[in-house]
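# Coordinate inspection notes
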Amino acid sequence: VQLQAYGGGSAQAGGYLRLSCEASGSAWQYSLMSWYRQKPGQERELVADITKNGDISYAGPVKGRFAIAKHNTKNECYLQMSDLKPEDTGVYYCNFGYFGAGEKVLGVWGQGTLVTVSS
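My aim in this report is to walk through the structure given alongside it, one point at a time. Remember, it's a predicted structure, so these values are computed and weren't measured experimentally.

## Considerations on the side chain of R65
Along the polypeptide, R65 turns up in the loop between β6 (56-58) and β7 (66-71). Given a relative accessible area of 10%, R65 falls into the buried group. Within the structure, the side chain of R65 is placed 2.9 Å from the backbone oxygen of P61, a separation counted as a polar contact.

Printed below as a string of structure tokens:
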């Protein structure tokens, strides 16, 4: 399976963007969909993830501003980003993974989409 992430772009602080991640090919084996971001000069960090059952978790800095969702029949995952801040600037990646021995395991990565937020 290959993942295609899109929807990034430029926004003003306080604005919004919606990212989408589409999988080509069968993705039934993946039970975890995640969004990560990599800020300039920093390591990649988890933004939010959602399980096949709909359980969701968010990183602290985005709680209340970002919303992750998935399409139940299509192999798609979304990240609605609101009240954007300059510190949200970075390359956003989606990942389709699974659970192994109760732990989250990262799987396939999308190519990343750049989000730039100006003040």
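## Observations regarding the sheet that holds β7
Strand order in this open sheet of 4 strands is β1-β3-β8-β7, and the pairing throughout is antiparallel. Only two strands of the sheet have a single neighbouring strand rather than two, namely β1 (2-6) and β7. On average, each strand axis in the sheet is inclined to that of its neighbour by 15°, with strand direction left out of account. Taken together, the 6 bridges between β7 and strand β8 (residues 76-81) define a ladder with antiparallel strand orientation. From the neighbouring strand, K70 faces β8, where its bridge partner is C77.

Cut-offs and rules
- Residues numbered from 1 in each chain as written.
- Predicted model: local features only at pLDDT ≥ 70, side-chain atom pairs only at ≥ 80, totals over all residues.
- Heavy atoms only, no water.
- Helix = DSSP H or I, 4+ residues; strand = E, 2+ residues; numbered from the N terminus.
- Buried < 20%, exposed > 50% of the residue type's maximum accessible area, 1.4 Å probe, protein only.
- Polar contact = N/O pair within 3.5 Å; in protein donor to acceptor, adjacent residues only side chain to side chain.
- Pairing = 2+ DSSP bridges.
- Axes fitted to C-alpha atoms, helices over the stretch in contact; angles between N-to-C directions.

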